[in-house]
Amino acid sequence: MGPPTGDDAGADRFLPRPPARSVSPVTTDPVVVRAEVARAFCQAVFEGAGVPRADAFLVADALIDADLRGVSTHGLVRFPIYVTRVRQGLVKAKPEMRVVGGRGATVLLDGDHGFGQVVGAEGMRRAVGLAQEHGVGVCAIRNGTHLGALAYIAAMALPHRMIGLTMSITNPVMAPWGGVVPKVGNNPLAVAVPAGARPPVIFDMACSQVARGNLILASKLGTSIPSTWALDEQGRPTEDPNAGLRGSLMPVGGHKGAGLALVVAILGGLLAGSPFGAGCGDIFDMTRPQRLGHLVMALDIAAFGSAPVFLQAMDGMIADLKDTPRAEGVEEIWMPGEMEGRRREERLRDGFPVSPAVLDEVRAIGREFGVQWPA
Ligand SMILES: NC(=O)c1ccc[n+]([C@@H]2O[C@H](COP(=O)([O-])OP(=O)(O)OC[C@H]3O[C@@H](n4cnc5c(N)ncnc54)[C@H](O)[C@@H]3O)[C@@H](O)[C@H]2O)c1
């Protein structure tokens, strides 16, 4: 199958949404897959490609976690391109990550083109360590690669009773506000905040309305797209996916989303000395490493006051928000990350859906490494 996305964003979920026009990579008759089976399979293949055992587990776990949470754009569907890139050396199986700068609570890490999840996890480990000492820890990363679903890294701060924040620059897919040529990534950011008895709040978004993959899919299916998804080459909203593919993606929230994408590019890219715009490689460009920048931050809530009081305040805020009178047709008010967390529990129990086309491709890659998908 073709690339699911040239950029990112989009998942298989959520209300309220435009009826049936939003297209997901999981389209027809999905196969139900068990998380532990898929994870062990992916890990074995990554190990076969030379990735050390612990790192192979981490990358596999991050992919499967995305599927469990319903973020299917960042799950198994990414496995083929991840394997292809590590095989070709565009992602290094054994990166030599190095600290190349930093002072006090900050550190600058050169990710040496390792898997984004491996480099991002190392960044969060360092950020948490710094936050234990200083109350806050910030790790800027250069020479990173695709970071997957950013919530995975941000949530690594939660067991330490810290707030985790992750940002990443991506290859350009959006025009600057008022422009007609894509120069800005859809630059995702995630913030994970612990609560007391309630589940953590995990907000994780990209700055484009939808992933470019949704336009590719609509083009293949010959369907139109909502006029809020993309701009044509003249910068006009379009319902034609092909015109959108020749043009640029629409940011969320108009000029504010465009501004947010720029801020993430600065904090999650330029700050680490990473390139901007065309200097950031597309995951499907097999001619060069991606050279992406990331920013990983941990805030120790105890450094700002009483941790129990904060956690209680979080619970109180969540309860108050969820108790808001609801609009017609809305059954529940969700906190960011709550729906994904609930889905994760269900899918851990029952398995998660994968399109047969994706699964066929995943299995075929396994055969190349002598790794069989269990019957
Ligand atoms: N690695 C990369 O380069 C890259 C690039 C872009 C996107 N991504 C990833 O793509 C994924 C999807 O991004 P997206 O922008 O499509 O996310 P989204 O629009 O599906 O969700 C954004 C946020 O809104 C929350 N949300 C959704 N519906 C809600 C509701 N009804 N009530 C309350 N909260 C709700 C979600 O919990 C989430 O935190 C993310 O994991 C992101 O990190 C990665």
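Preceding this section is the structure that the text describes.
Given the structure is predicted, the values throughout are model-derived calculations rather than measurements.

> Sorry, what's going on with the overall build of the protein here?
Tallying secondary structure elements over the protein gives eleven helices and twelve strands in all. Since a compact globule built from 375 residues should have a radius of gyration of about 21 Å, the 20 Å found for the protein is in line with a globular shape. For the protein, the spread of C-alpha atoms along the three principal axes comes to 55 × 55 × 45 Å. Within the span of the protein, comprising 375 residues, buried residues form 53% of the whole. Of the roughly 16100 Å² of accessible surface on the protein, a fraction of 56% belongs to carbon and sulfur atoms. Computing the positive centroid from 36 side-chain charges and the negative centroid from 37, the protein places the two 4 Å apart.

> Please clarify how the pairing of strand β11 (residues 292-300) should be interpreted in this entry.
Within a regular strand, side chains alternate between the sheet's two faces. Here β11 lies mainly inside the structure; seven of its nine residues are buried. Relative to β11, strand β4 (residues 136-144) runs antiparallel, the two sharing seven bridges. Its bridge partner lying in β11, Gly144 is registered against Leu292. Relative to β11, strand β5 (residues 162-168) is paired through seven bridges, and the arrangement is antiparallel. The residue of β11 that forms the bridge with Gly164 is Ala298.

> Quick question: what am I supposed to make of the sheet that holds strand β8 (residues 230-231) here?
By definition, the strands of a sheet pair up through backbone hydrogen bonds, in either a parallel or an antiparallel sense. Taken together, three strands build an open sheet; the order of strands is β9-β8-β10 and the sheet is antiparallel. The sheet is open, and its two edges are formed by β9 (237-238) and β10 (248-249), each paired on a single side. Alignment of β8 against β10, held across two bridges, turns out to be antiparallel. Its bridge partner being in β10, Leu231 is matched across the sheet by Ser248.

> Which parts of the structure should I look at to understand empty space enclosed by the protein?
Empty space among the atoms becomes visible once a probe the size of a water molecule is rolled across them. Applying the stated criterion across every chain yields a total of two cavities of 30 Å³ or more. Counted as a void, the second largest cavity has a volume near 50 Å³. Its residues assigned to classes, the lining of the second largest cavity shows four nonpolar, three polar and one charged.

> Quick question: what am I supposed to make of the packing of aromatic side chains here?
Per the counting criterion, the structure on display carries five aromatic pairs. Each ring, one from Phe46 and one from Phe115, has its centre 5.4 Å from the other, and the planes form 65 degrees; the classification is edge-to-face. Highlighted residues: Phe46 in helix α1 (residues 35-48) and Phe115 in the loop between β3 (106-110) and α4 (116-134), separated in sequence by 69 residues. Under the relative-accessibility criterion, Phe115 is labelled buried at 3%. In textbook terms, an aromatic cluster arises when at least three aromatic residues are bridged by ring pairs, as seen for Phe41, Phe46, Phe79, Tyr82, Phe115 and Trp373.

> Whenever I open this one, the packing of helix α2 (residues 53-69) against α4 confuses me. Can you help?
Between two packed helices, the angle of one axis relative to the other and the distance separating the axes together describe the packing. The contact between α2 and α4 brings their axes to 9 Å, and the two run at 100 degrees. The angle between α2 and α4 places the two elements in the roughly perpendicular class. In this structure, α2 uses Asp55, Leu58, Val59 and Ala62 to contact α4, whose residues at the interface are Gln117, Val118 and Ala121. Grouping the constituent residues of the contact of α2 with α4 by class yields five nonpolar, one polar and one charged.

> Got a minute to help me understand a nonpolar patch on the surface in this structure?
On the surface, Leu260, Leu262, Val263, Ile266, Leu267, Leu270, Leu271 and Phe276 cluster together to form a nonpolar patch covering roughly 640 Å² of accessible area. Mapping Leu271 onto the fold places it in the loop between α8 (255-267) and β11. By relative accessible area, Leu271 is classed as exposed at 54%.

> What should I look at first to understand the nonpolar core in this one?
Here is a general trend for soluble globular proteins: nonpolar side chains tend to be buried in one another's company. Of all hydrophobic cores here, the largest spans 63 residues; its most connected members are Phe46, Leu76, Phe79, Phe115 and Phe352. Contacts of Phe115, omitting those with residues within four sequence positions, involve Phe46, Val51, Val59, Tyr82, Val86, Val91, Lys92 and Thr145. Core analysis: the second largest hydrophobic core is formed by 22 residues, Leu108, Leu165, Cys207 and Val264 among them.

> How should I be thinking about the layout of surface pockets in this particular structure?
Approximately 400 Å³ is the volume attributed to the second largest pocket. Breaking the lining of the second largest pocket down by element, the ones donating at least two residues are α2, α5 (151-154) and α10 (338-350). The dominant element in the lining of the second largest pocket, judged by the number of residues it contributes, is α10, at five residues.

> What exactly am I supposed to notice about α1 here?
Turn by turn, an α-helix covers 3.6 residues, leaving residues three or four places apart pointing in a common direction. For α1, with 14 residues, the first-to-last C-alpha span of 20 Å sits near the 20 Å given by 1.5 Å per residue. At its buried positions, α1 is contacted by β1 (31-33), α2, α3 (79-87), α10, β12 (352-354) and α11 (356-368).

Criteria and cut-off values
- Numbering of residues starts from 1 in each chain and follows the order in which that chain's sequence is written.
- Under the rules for a predicted model, residues below a pLDDT of 70 receive no local features and side-chain atom pairs below 80 are neither given nor counted, while totals for whole chains, interfaces and linings still include all residues.
- With hydrogens and water excluded, all non-hydrogen atoms of the structure serve as input to the side-chain values.
- A run of DSSP states H or I qualifies as a helix once it reaches four residues; a run of E qualifies as a strand once it reaches two. Both are numbered from the N-terminal end.
- Only the C-alpha atoms count toward the radius of gyration. The rule for a globule is 2.2 Å times the residue count to the power 0.38.
- When accessible area is computed with a 1.4 Å probe and restricted to protein chains, residues below 20% of their type maximum are described as buried, those above 50% as exposed, and intermediate ones as partly exposed.
- Every accessible area reported is derived by Shrake-Rupley at a probe size of 1.4 Å, with residue values counting cover from the shown protein chains alone.
- Within this scheme the basic residues Lys and Arg register as positive and the acidic residues Asp and Glu register as negative, but His and the chain ends are omitted.
- By convention, the charge on Lys lies at NZ, on Arg at CZ, on Asp at CG and on Glu at CD.
- Pairing between two strands is assigned when DSSP locates at least 2 bridges connecting them.
- Method remark: on a 1 Å grid restricted to protein atoms, a set of points is classed as a cavity if a 1.4 Å probe fits but cannot get out and as a pocket if it is open with protein on both sides within 12 Å along at least five of seven lines; lining residues have an atom within 4 Å of a point.
- Grid points are joined across faces, edges and corners, and a volume is the space filled by probe spheres set on the points.
- Note on residue categories: nonpolar means Ala, Val, Leu, Ile, Met, Phe, Trp, Tyr, Cys or Pro, charged means Asp, Glu, Lys or Arg, and polar means any other residue, Gly included.
- Side-chain rings of Phe, Tyr and Trp, where Trp is taken by its six-membered ring, are said to pair if the distance between their centres is within 6.5 Å; with planes under 30 degrees apart they count as stacked, over 60 as edge-to-face, and otherwise as tilted.
- All axes here are fitted lines through C-alpha atoms, helices being fitted over the stretch that makes contact, and every angle between N-to-C directions spans 0 to 180 degrees.
- Every angle not falling under 35 degrees, over 145, or within 65 to 115 is termed oblique; those three ranges are roughly parallel, roughly antiparallel and roughly perpendicular.
- Note on contacts: a residue pair qualifies if any of its non-hydrogen atoms lie within 4.5 Å across the two residues.
- Think of a patch as exposed residues, more than 30% relative accessible area, with no salt bridge, where like charges cluster within 9 Å and nonpolar side chains (Val, Leu, Ile, Met, Phe, Trp, Tyr) cluster within 5 Å.
- Salt-bridge detection follows one rule: a side-chain nitrogen of Lys or Arg within 4 Å of a carboxyl oxygen of Asp or Glu.
- As used here, the term nonpolar core means buried Ala, Val, Leu, Ile, Met, Phe, Trp, Tyr and Cys residues forming a set that is joined through side-chain atoms within 4.5 Å.
- A helix is expected to span 1.5 Å for every residue after the first.

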